[in-house]
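Chain by chain, the residues:
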Amino acid sequence: EPDIYQILKEEYILISLHVDDNEKELPKEQQFDYLRPNGNIKKIKTVGDKWATFQTVNFKTASQPYYVLMSPELDILNIPQQYTDRDTYYTWLKESLSRFKGE
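The following refers to the structure shown. Along every chain, residues carry numbers that run from 1 in the direction the sequence is written. Where totals are concerned, whole chains, interfaces and linings use all residues; where local detail is concerned, this predicted model gives features only for residues with pLDDT of at least 70, and gives and counts side-chain atom pairs only at 80 or more. Remark: hydrogens and water are excluded; side-chain values derive from all non-hydrogen atoms of the structure.

1. Regarding the packing of aromatic side chains
Each pair of aromatic rings is reported with the distance of its centres and the angle of its planes.
Alright, step 1. Classification of ring pairs uses Phe, Tyr and Trp, with its six-membered ring standing for Trp, and accepts pairs whose centres are within 6.5 Å; under 30 degrees between planes counts as stacked, over 60 as edge-to-face, and the remaining range as tilted. A complete count under the given rule lists five aromatic pairs for this structure.
Alright, step 2. When the centroid spacing of 5.9 Å and the interplanar angle of 55° are considered together, the rings of Phe59 and Tyr66 count as tilted.
Alright, step 3. On the numbers, 5.2 Å between centres and 55° between planes, the contact of Tyr67 with Tyr89 is tilted. Placement of the pair is Tyr67 in strand β3 (residues 66-67) and Tyr89 in helix α3 (residues 86-101), with a sequence separation of 22 residues.
Alright, step 4. The class for Tyr67 is partly exposed, based on a relative accessible area of 30%. In this description a helix means any DSSP run of H or I spanning at least four residues, a strand means any run of E spanning at least two, and both kinds are numbered starting from the N terminus. When accessible area is computed with a 1.4 Å probe and restricted to protein chains, residues below 20% of their type maximum are described as buried, those above 50% as exposed, and intermediate ones as partly exposed.

2. Description of α3
Alright, step 1. Expected span of a helix: the number of residues minus one, times 1.5 Å. Compared with an ideal rise of 1.5 Å per residue, which puts 16 residues at 22 Å, α3 spans 23 Å between its outermost C-alpha atoms and is within 8% of the ideal.
Alright, step 2. Among all positions of α3, only Tyr89, Trp92, Leu93, Ser96 and Leu97 are buried. Down the axis of α3, the smallest arc covering the buried residues is 130°, so these residues share one side.
Alright, step 3. Note on definitions: a residue-residue contact is assigned when non-hydrogen atoms from the two residues lie within 4.5 Å. Contact partners of the buried residues in α3: α1 (2-11), β3 and β4 (81-82).
Alright, step 4. Two or three places before Asp87, at the start of α3, stands the capping residue Asp85, its side-chain oxygen 3.2 Å from that residue's backbone nitrogen.
Alright, step 5. Immediately downstream of α3, the backbone of Gly102 shows phi near 75°, a positive value. Each direction from the helix axis to a C-beta atom contributes to the arc, which is the arc of those directions. Throughout this description, a polar contact denotes any pair of N or O atoms lying within 3.5 Å of each other; where both atoms belong to protein, one of them has to be capable of donating a hydrogen while the other can accept it, and for residues adjacent in sequence the pair is counted only when both atoms sit in side chains.

3. What to know about helix α2 (residues 47-59)
Alright, step 1. The first and last C-alpha atoms of α2 sit 18 Å apart over 13 residues, in line with the 18 Å expected at 1.5 Å per residue.
Alright, step 2. Listing the buried residues of α2 in full gives Val47, Gly48, Asp49, Ala52, Thr53, Gln55 and Phe59.
Alright, step 3. In this fold, the buried residues of α2 make contact with β1 (32-35), β2 (41-44) and β3.
Alright, step 4. Just downstream of α2 lies Lys60, where phi reads positive at about 55°.

4. Some remarks on the packing of α1 against α3
Alright, step 1. Fitting a line to C-alpha atoms yields each axis, with helices limited to the stretch in contact; the angle taken between N-to-C directions then spans 0 to 180 degrees. Between α1 and α3, whose axes approach to 10 Å, the crossing angle comes to 25°. Compared by their axis directions, α1 and α3 come out roughly parallel. In the packing of α1 onto α3, the handedness of the crossing is left-handed. Contacts between α1 and α3 involve Asp3, Ile4, Ile7, Leu8 and Glu11 on the former and, on the latter, Arg86, Tyr89, Tyr90, Leu93, Lys94, Leu97 and Lys101.
Alright, step 2. For this classification, Asp, Glu, Lys and Arg are treated as charged, while Ala, Val, Leu, Ile, Met, Phe, Trp, Tyr, Cys and Pro are nonpolar and the rest, including Gly, are polar. For the contact of α1 with α3, the residue count by class is seven nonpolar, no polar and five charged. Roughly parallel here means an angle under 35 degrees, roughly antiparallel means over 145, roughly perpendicular means 65 to 115, and every remaining angle is called oblique. For any pair of crossing helices, the crossing counts as left-handed if the nearer helix is rotated counterclockwise from the farther one by less than a right angle, and right-handed if it is rotated clockwise.

See below:
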C-alpha cells in the first residue's frame, strides 16, 4: 500500500523481533534459563526463544503479527495492534505519529 509504505519509510524506524526463528541458535554466552512466574524454567537457546519470551513478558501476548509503536524513550504511543485491515492500520500509524509529535 503506497500510503502506508510512505509513512513507514519517512516517519518510522522499523525494528523486527523474529519470534518464530527457532533454527538460529544464540551464541552460547547469550543462552540462559528463564524462570517463569509459575516456577517452570524455559531454556532460551534460539533467537525465537529470546524474542518470543520478550514479547510475552512485556506485552502479555504471543500473537503474530504484533505491532508496537514506541518513542525513542520507550514510551508506547498507542495500543499495540495485531493483524488488522489496512485502513485501521493506516489510521493507527497516523494517530501514533501525532501523539509522538505532541499534536
